[in-house]
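Examining the three-dimensional arrangement
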Amino acid sequence: MTTHARSRRAIPARYVFFFLVFLMYAISYGDRAALSIALPTMGREFSLTPVQMGWVSSSFLWSYFLLNLPSTIVLDMVGARTIGSLAVGVWSFAMLLGGMAQNITQFLMTRVLLGVGEAPTFGVGATVVRNWAQPRERGSVMTMLLTGMQLGLAGGTIAGAYLITFFGWRCEFMALGAIGIGWALVWWLVYRNPKEKPDAAPRRPITVREIRNLFRSSSFLGILAVQCTQNYLNFLVMSWMPLYLIHELHINTTGTGNSTALCYLAAAIGAVVIGRVLEHLVFRRGIHPPNRRFVVATCLLGAATIGLLPYFHTMMPILLVLSGALACLMAANGASTALLTDMVEDGGKMGAVTGVTLTCSNSLGLLSPILTGYIVSWTGSFDMAWYICAAALLVAGGLSLAMVRDPIRMDG
């Protein structure tokens, strides 16, 4: 069989892989949304204060951020097929157990297990894109895959709202867990790691020296600043948006679910459009990877409009601001992740590099629900939380423009 014939056969397979990664992100964020929409009901059942709700919302991040790097080091050694199936299987089992929890201590233990399973998720996605996407399309592919997060948040929120209304929050958790277990089985049967070249050197894990060299790269630090700030806003919205809408608009659980889902769906569509238009403009004269930072900075500027929320108190403008800011945030996330895959010279360690960035960004994301809980408790509103996010996004955009220029080398 000729090389041309083999490549024609490979094209459909890689799109199947991309679609499955898209679904993995959707399931992951659907499971995360399950808690945010269930939190008002759970808060009443377990008698939780706003501060306690913030700690419960962040609980899966405790193990998630600790295991980001170790799990992605294993990913680089073993491959995306095994780790993808194992990761989704573990977190989906945790969802099933969460639906059976009888007290808040048991529930927190299931959230920690969920974090264990979700730790390598984005490393798997970045590895698949690096292995199967062409350099020109990586930004668009990554943005489209990451819209699975918004679809998952939308689907998980609206489905969760109705499941909670008619069957209770426990049914919501168990139904979503069953979906994830089904995905893990399909991934194991369908996905294949790319074949190694016969003369390829044996895989070895990333070293402490290589990690240290990452932090000596101004390009890596610029990308990391973006990842940290966007993760902070992402976890704030994911954890608190339903309660924010209830607080601001005084609507019920199903009304909150519908409004939240509408924001996420609009954001997903907007992110794809924004990402493709900006990439076309930036790369119209040829591919130069560092120029993707202009896409990132422009999107972060749009995401910073989240700081306008305190000036609106009715449904339509609030939903418009949320949808627009989230669309820009998602487009920035896709462009920033693609920028990282472009700039790292050793693609064989893409999973571990992603793990390093996630460890740092999730340490900040871990604080987001907690700090927001204290802000709401102390001030009685979400205003200060939105202002902090807007300022951080503007600073991150400036750092990206100034710092991301040279390839990221881990060999010094």
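Every value quoted in this text rests on a predicted model; they were computed, and no experiment measured them. (Residues numbered from 1 in each chain as written. Predicted model: local features only at pLDDT ≥ 70, side-chain atom pairs only at ≥ 80, totals over all residues. Heavy atoms only, no water.)

**A word on helix α2 (residues 50-78)**
Quick reminder: α-helices carry 3.6 residues per turn. Residues three or four places apart thus point the same way. In a regular helix each residue adds 1.5 Å, so 29 residues correspond to 42 Å; α2 covers 42 Å between its end C-alpha atoms and thus fits that length. Count one or two residues on from α2 and you reach Gly-79, which has phi positive near 110°. (Helix = DSSP H or I, 4+ residues; strand = E, 2+ residues; numbered from the N terminus. Expected span 1.5 Å × (residues − 1).)

**Quick look at the pattern of salt bridges**
This structure, assessed with the given rule, holds 3 salt bridges. Among the salt bridges present, the one from Glu-45 reaches Arg-170, with a minimum N-O distance of 2.8 Å. Here Glu-45, found in helix α1 (residues 3-46), pairs with Arg-170, found in helix α7 (residues 169-190); they are 125 residues apart in sequence, far enough to count as distant. Looking at Arg-170, the relative accessible area reads 21%, which means it is partly exposed. (Salt bridge = Lys/Arg side-chain N within 4 Å of Asp/Glu carboxyl O. Buried < 20%, exposed > 50% of the residue type's maximum accessible area, 1.4 Å probe, protein only.)

**With respect to the domain arrangement of the protein chain**
For the protein chain, the assigned domains read domain 1 (13-193) and domain 2 (207-411). The centre of domain 1, based on its C-alpha atoms, is set 18 Å off from the matching centre of domain 2. Contact residues are listed per partner, giving 49 residues for domain 1 and 58 residues for domain 2. Buried surface at the junction of domain 1 and domain 2, summed over both partners, amounts to about 4600 Å²; 71% is from carbon and sulfur atoms. It is Phe-65, Arg-130 and Gln-150 that lose the most area in domain 1 upon contact with domain 2, and together they represent 14% of the buried surface on that side. On the surface where domain 1 and domain 2 come into contact, there are 0 salt bridges. Taken together, the elements giving at least two residues each to the side of domain 1 that touches domain 2 come down to α1, α2, α5 (121-132) and α6 (138-166). Each residue belonging to the side of domain 1 that touches domain 2 can be placed in one class, and the counts come to 29 nonpolar, 15 polar and 5 charged. (Domains from an automatic or database assignment. Contact = heavy atoms within 4.5 Å. Buried area = accessible area lost by both parts, 1.4 Å probe. Nonpolar A, V, L, I, M, F, W, Y, C, P; charged D, E, K, R; others polar.)

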